[in-house]
Structures are given as structure tokens and as C-alpha cells.
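Notes for the structure review
Residues per chain, in single letters:
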Amino acid sequence: MGTGNRSGKKVYLFLAMAAAVGLCAGLFLFQQTKAVVPKYVFTYAENQTKDYPTTMGGMKFAALVGERTQGRIRILVQAEGVLGSETEVIRQMRYGGIDFARISLAQVADHIPEMNVLQLPYLYEDADHMWRVLDGEIGERFLHYPEQYDLIGLSWYDAGARNIYCSTKPVRTLEDIKGLNIRVQESDTMSEMITALGAVPVKIPYDQVYAALERRQVDGAENNWSSYEAMQHYEVARYYTVDEHIRIPEMQICAKHTWEQLSEEDRVIILECAKESALYERRLWKEYERTARETALENQVEEIVLSAQEKKKFQDAVKPLYERYDAEYGEDIAQIRALGNLNKKE
Ligand code: GCU
């Protein structure tokens, strides 16, 4: 009997312990579930492919925000333009459909004229010059401009230099570009620039450029090596002329109506994460751009590098844009230019 009692007690003890373990596990799971139920689920629009640096930057941003808000804010990055063209995304952000996006400055500036200054052709001497501008007081000031258009600027991403590429013939001189139909973004400044070079601008959304080149609706387009490769434009336009006519940085933006829902503490987190993700994107950019060029060259692309003399002709051809912008935004242009020669002065 005594032995029976002892084994009965053991069974009770075992059951009690199992119940306690179960209770703890239940509590733990409850806590965990509580922690991962987000208070906000936001959409983030991106028109590049999933492995493109800007998309990876967006994913990093979403992950950092998730971590630092303990799952309270969840950001869903929708790549490959599934949420619409950049123009449509901007419209939807203003009217409540999309919360965040990474957008080419050219598209944002098309609604905010004073932002065009940051993307004038041949404005920056090189990438370092552009980053001195964007990482400093000027870049910070320009991040606030979209507020007048119900958008909040968060950070600047890299997009390298843009070059002209053609399907119908190689562009070796400024003369060669005369009269060609060149696809541009939905941006008046980009149209003006292509007109100044002597070609005819045709506005087409990014996702339709491949088809337009293939059907010979346009003779060519212009973009950085990374986009040229990622969108496989090299398959249908194999003459790539490195004229580096423009650097158009990318912007990470948030819709004002979304921003206004957030507490001050969450806004600080979002801004911090956006800026950190931008540094990450900028690191990825360099490597992606290099391999994109290699892939294009392995696929029978002819790379045409302009001589300094020929490049000067391109630079002179776009001067009328400066005459126009100088009248209103001369001070900004002068400030940007002043940051250009720092290295040489040392
Ligand atoms: C770049 C930019 C895109 C933009 C595209 C364009 O590739 O990253 O966001 O849409 O230029 O030329 O339209």
C-alpha cells in the first residue's frame, strides 16, 4: 500500500509539473503572439526587381522598423511595380492607398518644381560630389520639400549616373543623337533635357520601356547600368553610350496621412531606419552597378565611352536649362556647385 501511495504521489507530482510547464509555455506563446500582432500594417511600393539594391534597401528598412518597434509596425514591401507606375503610386499615396515608397526623384520633382534643381544634367562632378550635397544641409532641406505635396521625405538612395542607349544606331557624338526618339520618365525636366540634346523625348512608364524598345516605338532610352540590366533592356538596345548626362537620386517617402497616424517616437524610429537602410542600399549599389555592366558586356552590348571633348559638347548643349533655372534657383545651384571641388582644393 505504502509503495502504491508513493507512486500515486509521483503521478500527481508529474501531472502538476506538466501542468505548470504547459501553463508557462502557454503564457510564453501568448506573450509572443501578443508581441507580433502589429498595430499598423503598411504598404511600401517599389518598381524594381526583388534583388535590386533599392528593393533590398526597402526590405532592410522594413526589417529594422519591425525590430525596433517590437513588431508594432509591419511594412510590406511590394516590388516589381505591382502597386502601379511611379506616377500612380504618388497619386495613391496622396489619397490614402499606399503608405511608403521608393521613387525616382524625377517623378517626385515633376510635382514640386523647386526639386528639379537636384537633378539638373551634369550638375554633380561625380558620385562623391552628389553625396556631399545630399548628406549635408541641402539634402536635408530638400527632404522637406515634398511636405507641400502631402509626402514626407525620409532618405536618399543611390541610382548612379544615367546614360543613353539605343537600338537603332550607336551614339558616338552629339550629332548622332539628333532627331532620335528617346524614352524619358514622366518628367518635364527630363523631356527638356533630351530636347536640349537635339532628340525627341517620349514619356513612357518604366515597365513599358522594354516593349517600346522592342517594337521600335522609340530608338532608345536612358538609364543607369543597373536598370538597363535588371529590366533586360540590353536585349533590345545594344548600344550603350556612357555620357553620364544626369544623376537622379532616389527618394524614400511616406504618405502624410500615414505619418500623421504615428507617434513622435515612431516617427523618429522610421527616420532612423530609413537613413540606415539608405547606407545599406548605397553599399549594395556599387557592386550591383559593376556586375550589371559586366552582364551587359557579356551579352554583346557595345559600350561607347565619350571622349572628354565630345562630353563637353553634351554639357554645352544642356546649358539652356541652367539659364532657365538660374533665374529662380541660382542660389541653390551655386551652393551645390560650391561643394564640387572640395577634393581638389585639399
Ligand atoms: C530608375 C529608377 C526607377 C525609375 C526608372 C525610370 O531605374 O530606379 O525608379 O522608374 O529609373 O527610368 O523610370
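This section reports on the structure supplied with the text.

Quick look at the site of the ligand
Near the ligand the following residues occur: Asn 47, Gln 48, Glu 86, Arg 102, Ser 104, Arg 162, Arg 183, Gln 185, Tyr 206, Asn 223, Ser 227 and Glu 250. Between an oxygen atom of the ligand and a side-chain N or O atom of Asn 47, the distance comes to 2.9 Å. In the model, an oxygen atom of the ligand is placed 2.7 Å from a nitrogen or oxygen of the Arg 183 side chain.

Digging into unusual backbone geometry
If you check the backbone angles, Gln 70 has positive phi at about 50° while not being a glycine. With respect to the element layout, Gln 70 can be found in the loop between α2 (53–68) and β2 (73–78). Residue class for Gln 70 comes out exposed when judged on its relative accessible area of 56%. Of note in the backbone geometry, Glu 244 takes a positive phi value of approximately 45° without being a glycine. Tracing the backbone through its elements, the reader meets Glu 244 in strand β9 (residues 239–247). Taking relative accessible area as the criterion, Glu 244 reaches 33% and is therefore assigned partly exposed.

Re helix α8 (residues 188–196)
Taken residue by residue, α8 has Thr 189, Met 190, Ser 191, Met 193 and Ile 194 as its buried positions. Once α8 ends, the next one or two residues include Gly 198, with phi positive near 100°.

What about the packing of helix α6 (residues 137–144) against helix α14 (residues 319–338)?
Interhelical geometry of α6 versus α14 gives an angle of 140° and a closest axis separation of 11 Å. Between α6 and α14, the angle falls in the class oblique. Contact residues: Glu 137, Ile 138, Arg 141 and Phe 142 in α6; Asp 332, Gln 335 and Ile 336 in α14. When its residues are assigned to classes, the contact of α6 with α14 shows three nonpolar, one polar and three charged.

Points about the sheet that holds β2
Taking strand neighbours across the sheet as the criterion, the five strands line up as β2-β1-β3-β10-β4 in an open arrangement whose pairing is mixed. Every interior strand has two partners, whereas the edge strands, β2 and β4 (151–157), have only one. Looking at each pair of strands side by side, their axes are set apart by 25° on average, direction ignored. The sheet contact formed by strand β1 (residues 40–45) and β2 spans six bridges and is parallel. Each bridged residue has a counterpart across the sheet, and for Val 41 the counterpart in β2 is Arg 74. Contacts between helix α12 (residues 264–298) and the sheet are confined to β1, β2, β3 (100–104), β4 and β10 (250–255), with β4 contributing the most and set at about 30° to the helix.

Points about the nonpolar core
Judged by nonpolar contacts, the single largest core of 58 residues is most densely connected at Met 115, Leu 118, Trp 156 and Leu 197. No other element matches α14, which puts six residues into this core. Taken together, domain 1 (14–158 + 248–287) and domain 2 (161–247 + 296–345) each give at least three residues to this core, which thus spans both.

Re the environment of Met 59
If you trace the backbone, Met 59 turns up in helix α2. Separated by 19 residues in sequence, Met 59 and Gln 78 have C-alpha atoms that sit 9.5 Å apart.

A short note on the side chain of Glu 46
Position of Glu 46 relative to the elements: it lies in the loop between β1 and α2. Here the side chain of Glu 46 touches Thr 54 through a polar contact of 3.1 Å, side chain to side chain. Beyond its immediate sequence surroundings of up to four residues, Glu 46 is in contact with Thr 54, Thr 55, Val 77, Gln 78, Ala 79, Glu 80, Gly 81 and Arg 102.

Calculation notes
- Residues numbered from 1 in each chain as written.
- Predicted model: local features only at pLDDT ≥ 70, side-chain atom pairs only at ≥ 80, totals over all residues.
- Heavy atoms only, no water.
- Near = heavy atom within 4 Å.
- Polar contact = N/O pair within 3.5 Å; in protein donor to acceptor, adjacent residues only side chain to side chain.
- Helix = DSSP H or I, 4+ residues; strand = E, 2+ residues; numbered from the N terminus.
- Buried < 20%, exposed > 50% of the residue type's maximum accessible area, 1.4 Å probe, protein only.
- Axes fitted to C-alpha atoms, helices over the stretch in contact; angles between N-to-C directions.
- Parallel < 35°, antiparallel > 145°, perpendicular 65-115°, else oblique.
- Contact = heavy atoms within 4.5 Å.
- Nonpolar A, V, L, I, M, F, W, Y, C, P; charged D, E, K, R; others polar.
- Pairing = 2+ DSSP bridges.
- Core = buried A, V, L, I, M, F, W, Y, C linked by side-chain atoms within 4.5 Å.
- Domains from an automatic or database assignment.

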